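# Architecture at a glance
What follows is the residue order along each chain.
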Amino acid sequence: MRLIAAVVLILTVCFQAQALQVIEKDYPPVNGVQIFVLSQEYARDYDKFFRELKAKNVDTVFFRVFHNSSDRVHTFADNPCTPMGGGVYFNSKVACTVSNMLPEIVEAGKRNGVLVYAWMATRSLSFLKTQDKMSLSFTPNGYTSGYGANIFNRDVRDAIKRLMMEIADTGVDGILIQDDFIMKFSEGADLLSCGRFTADTGIACTAENLFDIRYNDDGSRRFGNATANGERWYQWKAEQLQDLFKEMKDATRIINPNMKWALNIYYETPVYPHQGLAWYAQDMKGIWEAGADYVAVMTYQDQIMREKQLDRSGFLQFISDLSRASLRSSLVDKSRVIFKVQATEFGSGNPVQTESLELLCNRLRREGSQSIVQLPIYSAGDIIPVCGFQ
């Protein structure tokens, strides 16, 4: 019996060691692009698209597979889902199918040695944001419609999980969750959310109990800082999103067990943890513990410089702070932290200056970054040949 036990122990240790080695090698650095709208030039030749990407040293594509009412259609094709207010780019029983192009994109990626991640929205999906499914937010004087579809609504929750299962069934390499997988600072005032919070914590879910209500000179009310109860509310909302993330992963595991999960992260979340928690219900530690394989930090030059009123020197120093905080959050592998950078200016649509992007990438690399994604990309010609791209 002792001999058998010893053999079992040795085999167990060996298996665990091998598993750890697999995990370490299972998160390769990402040299990727994020496709907002696929150019019409690739309408009948996805292989051409991937061959061109491969020639530019791209190894991963994050491809938009949701279509909201204001989005442009991939390859500028006709959109049969306009009356429904949106749809998806894969066969679905949950939503209208704009085009079943995702399986073809996945197969073309495989033929050309490029990984394909489906970039998918959740709470902002137009077809889920019906009046009966919307969340509510507190205001100083009452309530208003929330940011997105209510994750505490059973129909919404089930629809999101079923959509992820349909994506997994295409054989895709991974899913990137859109930056709508958040709850804003005063959101969660509806009966479903408030009832669940009070049941879980025993804390009354009212604006007066969660916020310090201030009064302006004219007698109108405004929110001050969160109370201690409000701080617990922020953390609780982050935990609810993490629980849903786990449910999405679990729902797809049997369909596509090797599929990776990435989650968009606002730039405040790693470097200003309290702001990330309060403003977006994002918490780096909780996100990793929920099972994210990668996080994608939205390192958008235009937005950061404008919102923080930074010159180039101040911006580069902030990038150092952001990259250190982001990379420090990943206790396993720095390659699992993706930094998303702009190749195109959001406002004008012009290409960013090569020199400025190179400075940004060099600073990220200096701080230890291993994974970078350029965006928004429409064709291979939009890729700027810096940051490891050709």
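Residues numbered from 1 in each chain as written. Predicted model: local features only at pLDDT ≥ 70, side-chain atom pairs only at ≥ 80, totals over all residues. Heavy atoms only, no water.

## Considering the environment of Val114
Within the element layout of this structure, Val114 appears in the loop between helix H3 (102-111) and strand E5 (115-120). Along the sequence, Val114 and Phe50 sit 64 residues apart, while their C-alpha atoms lie 7.1 Å from each other. Ignoring anything within four residues of it in the chain, the contact list for Val114 reads Phe50, Lys54, Val58, Asp59, Thr60, Val61, Gly109 and Asp173. (Helix = DSSP H or I, 4+ residues; strand = E, 2+ residues; numbered from the N terminus. Contact = heavy atoms within 4.5 Å.)

## Observations regarding the packing of helix H4 (residues 154-168) against helix H7 (residues 228-253)
Packed helices, taken two at a time, are described by the angle between their axes plus the distance between the axes. With their axes 9 Å apart at the nearest point, H4 and H7 run at an angle of 40° to one another. In terms of their interaxial angle, H4 and H7 are classed as oblique. You can see that H4 and H7 cross each other, and the crossing is right-handed. On H7, the residues that touch Arg157, Ile160, Lys161, Met164, Met165 and Ala168 of H4 are Gln240, Asp243, Leu244, Glu247, Met248, Ala251 and Thr252. Residues belonging to the contact of H4 with H7 are distributed by class as follows: seven nonpolar, two polar and four charged. (Axes fitted to C-alpha atoms, helices over the stretch in contact; angles between N-to-C directions. Parallel < 35°, antiparallel > 145°, perpendicular 65-115°, else oblique. Left-handed = near helix turned anticlockwise from the far one by under 90°. Nonpolar A, V, L, I, M, F, W, Y, C, P; charged D, E, K, R; others polar.)

## Here's the deal with the packing of aromatic side chains
If you walk through the whole model with that rule in mind, you get 22 aromatic pairs. Look at Trp279 and Tyr280: their rings are 6.2 Å apart centre to centre, the planes differ by 85°, and that puts the pair in the edge-to-face class. A relative accessible area of 39% means that Trp279 is categorised as partly exposed. Note on Tyr280: relative accessible area 12%, which makes it buried. By way of ring pairs, the aromatic residues Phe138, Tyr143, Phe185, Phe211, Phe223, Trp233 and Tyr234 are connected into one cluster. Over the aromatic face of Tyr27 sits the side chain of Arg336, whose NZ or CZ is 4.2 Å from the ring centroid. (Phe/Tyr/Trp six-rings, centres within 6.5 Å; stacked < 30°, edge-to-face > 60°. Buried < 20%, exposed > 50% of the residue type's maximum accessible area, 1.4 Å probe, protein only. Lys NZ or Arg CZ within 6 Å of the ring centre and 35° of its normal.)

## Quick notes on a nonpolar patch on the surface
On the surface, Met165, Ile254 and Ile255 cluster together to form a nonpolar patch covering roughly 290 Å² of accessible area. Within the fold, Met165 resides in helix H4. (Patch = residues over 30% accessible without salt bridge, like charges linked within 9 Å, V, L, I, M, F, W, Y side chains within 5 Å. Areas by Shrake-Rupley, 256 points an atom, 1.4 Å probe, with all protein chains shown as cover. Salt bridge = Lys/Arg side-chain N within 4 Å of Asp/Glu carboxyl O.)

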